Every structure is written in structure tokens, then in C-alpha cells.
Amino acid sequence: DRQIWLTRHGESADNVSGRIGGDSSLSEKGRKFAACLSRFVHAQKMLFRQKQLENYREKIGSSTPPPEPPERNFLVWTSMLKRTIETVESLDPKEFDIMHIRFLNEIYAGRCEGKTYQEIEQSYPEEFNARKNNKLYYRYPGMGGESYLDVIHRVNPLIIELERMTDNILVVTHRVVLRIILAYFLDVEKEKVPDMDVPLHTLYCLQPKAYGSELTKWKYDD
Ligand code: F6P
């Protein structure tokens, strides 16, 4: 079975100060997660290949062996933001085909970019309450501000691609986008997406089956 690995970026400087959006780099802790993620994904890739060859050997039995099955490609998609790019920096580009995709960027908070939730509540109390009351439909004010629905629409073509591809893949993205991708594969209703629990430093592995996907979850313990 092919594997879709999903995670958020390592902890960033903005995560530490509680600021939303922005384009900050990883914190010390975030860099440690990134290093551990690289080792883990490399090991998982080896394990996958080993299992693939074992299955092949079992199937051929004693008859004249056909050529070994080719190793599956392993793709890596990140957003265009520093914190996801830095999270995959120590993966070996000879082993992984790495692509940076703008559609995987975090929800753009328009005028609220770079603020803490507390600052938003103080500066724009009406906006803060409007979002609290309808997080799915609420669109951030200001140029380019997005809603969950906007992000669902922009991520949709990538989800279709994820569903179609046969390669293994690691997607390193952000809280909102990760909620949307997981919700799609796990059949979570749209209304519940904005409140899904998707903490930092947690790695998910989806294995699509004929009906639904199997989910395994790893928590990085520093
Ligand atoms: O705080 C990290 C972050 O990814 C922000 O950049 C983003 O605005 C926020 O999470 C999204 O989470 P929520 O929709 O729950 O506010």
C-alpha cells in the first residue's frame, strides 16, 4: 500500500510568540523536530522498500524470478513558507523529490497577519467574534485575506493529485491546510474541520484502502 505522510512544520519563532501567519524561521525545538523527522522518514522509506522486496520474493517462490520491482518514488511537498522548507532541509535530495507549492501555504490572515489572538481581540473585537461564531465561512479582512472555505478551494486540486498518485509522499504544511487534507481522507464533515486537533510535531501516515484510509499517528517526544 502506498503511504501519504503528513505533518505541520517544526515549531517556528512565531509559534513561540503566539503570532499567526508570517514567514518566520524554525525555533531551536523546531529544528530538532526537523532533524528527527528526516531520520524517521528515511528509515520508513528503507522499511517500505524492504517490505516491498519481501512480498515480491514470497510471490515468485521458486520459479524463474522476473526483474525486481522498481523502488517507488518518494515525493516531498512543502509550502512556499520558510518554516516548512526548513523542516525538510536535512532530507537527502538524492532520495526525495522535493517541491515547494504555494497552494500549501497557511491561511492568509490579511490585516491580522503577525498578530496574536489577544491583539486581534483588542484591535478588531467584531472581527474576532465573527470568526469565533463562524470559523468555516469567516474571511479575514484586508487584501488577500482568506476563509477556511477559500483554503479548501485552493487545496482541492492538490488533494485530487494526492488521491491519484501512486508514489509515496511526505507533505509538510500548516495547521489549516493539514486539517483540510486529513478531513478529506478521514471523511470529517466540513463544519468540524476548523476545530480539528492537529498539534505541532505530530506525524500522520495515511494508507488509502478500497474503502476509506487507515491512519497511524506518531508524536515527536523531545
Ligand atoms: O498559529 C499557527 C497557525 O498556523 C496560524 O498561522 C494560522 O492563522 C492558525 O494557526 C490557524 O488556526 P486557527 O484557524 O485555529 O486560528
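Read on for a plain summary of the structure. (Residues numbered from 1 in each chain as written. Predicted model: local features only at pLDDT ≥ 70, side-chain atom pairs only at ≥ 80, totals over all residues.)

## Looking at the sheet that holds strand 6 (residues 213–219)
So, point 1. Read from one edge to the other, the open sheet built from six strands follows the order 3-2-4-1-5-6, with strand pairing classed as mixed. Since the sheet does not close on itself, it has two edges, and those belong to strand 3 (97–100) and strand 6, each with one partner. Going from strand to strand, the sheet's axes swing by 20 degrees on average, the running direction of each strand aside.
So, point 2. Strand direction decides the pairing type here: strand 5 (residues 202–208) and strand 6, joined by seven bridges, are antiparallel. Opposite Pro208, over in strand 6, you have Ser213 as the bridge partner. (Pairing = 2+ DSSP bridges. Helix = DSSP H or I, 4+ residues; strand = E, 2+ residues; numbered from the N terminus. Axes fitted to C-alpha atoms, helices over the stretch in contact; angles between N-to-C directions.)

## Observations concerning helix 7 (residues 175–186)
So, point 1. Its 12 residues give helix 7 an end-to-end C-alpha distance of 16 Å, which sits within 8% of 16 Å, the value for a rise of 1.5 Å per residue.
So, point 2. Within the span of helix 7, buried status applies to Val176, Val177, Leu178, Arg179, Ile180, Ile181, Tyr184 and Phe185.
So, point 3. Of the surrounding secondary structure, the elements contacted by the buried residues of helix 7 are strand 1 (4–8), helix 6 (148–164), strand 4 (168–173), strand 5 and strand 6.
So, point 4. Asp187 occupies a position one or two residues after helix 7 and carries a positive phi of about 60 degrees. (Expected span 1.5 Å × (residues − 1). Buried ≥ 20, exposed ≤ 12 C-beta atoms within 10 Å, placed from the backbone. Contact = placed C-beta atoms within 7 Å.)

## Digging into the nonpolar core
So, point 1. Of all hydrophobic cores here, the largest spans 39 residues; its most connected members are Trp5, Leu6, Val151, Val171, Val177, Ile180 and Ile181.
So, point 2. Elements with a minimum of two residues in this core: strand 1, helix 2 (28–60), strand 2 (74–78), helix 6, strand 4, helix 7 and strand 5.
So, point 3. Ranked by residue count, the leading element in this core is helix 7, at seven residues.
So, point 4. If we ignore the near neighbours within four places in the chain, the residues touching Leu6 are Val171, Leu178, Ile181, Leu182, Tyr204 and Leu206. (Core = buried A, V, L, I, M, F, W, Y, C linked by C-beta atoms within 7 Å.)

## Quick look at the site of the ligand
So, point 1. The environment of the ligand is made up of Ile20, Gly21, Glu106, Ile107, Ala109, His174, Arg175, Val176 and Pro194.
So, point 2. Tallied by class, residues from the shell around the ligand come to five nonpolar, two polar and two charged. (Near = placed C-beta within 6 Å. Nonpolar A, V, L, I, M, F, W, Y, C, P; charged D, E, K, R; others polar.)

## Considering the environment of Tyr211
So, point 1. Tracing the sequence through the fold places Tyr211 in the loop between strand 5 and strand 6.
So, point 2. Separated by 165 residues in sequence, Tyr211 and Met46 place their C-alpha atoms 27 Å apart.

## Examining the pairing of strand 4
So, point 1. Summarising burial for strand 4: six of the six residues are buried, a large majority.
So, point 2. Summarising the sheet, strand 1 and strand 4 pair through five bridges and their orientation is parallel. The residue bridging Leu6 from the neighbouring strand is Val171, located in strand 4.
So, point 3. Relative to strand 4, strand 2 runs parallel, the two being bridged by five bridges. If you follow Val76 over to strand 4, its bridge partner there is Leu170.

## Overview of the packing of helix 6 against helix 7
So, point 1. Two elements in contact, helix 6 and helix 7, have axes separated by 10 Å at closest approach and are oriented at 60 degrees. Between helix 6 and helix 7, the angle falls in the class oblique. Note on packing geometry: the crossing formed by helix 6 with helix 7 is right-handed. Residues Tyr148, Val151, Ile152, Val155 and Ile159 of helix 6 pack against Val176, Val177, Ile180, Ile181 and Tyr184 of helix 7.
So, point 2. Here the contact of helix 6 with helix 7 is composed, by residue class, of 10 nonpolar, no polar and no charged. (Parallel < 35°, antiparallel > 145°, perpendicular 65-115°, else oblique. Left-handed = near helix turned anticlockwise from the far one by under 90°.)

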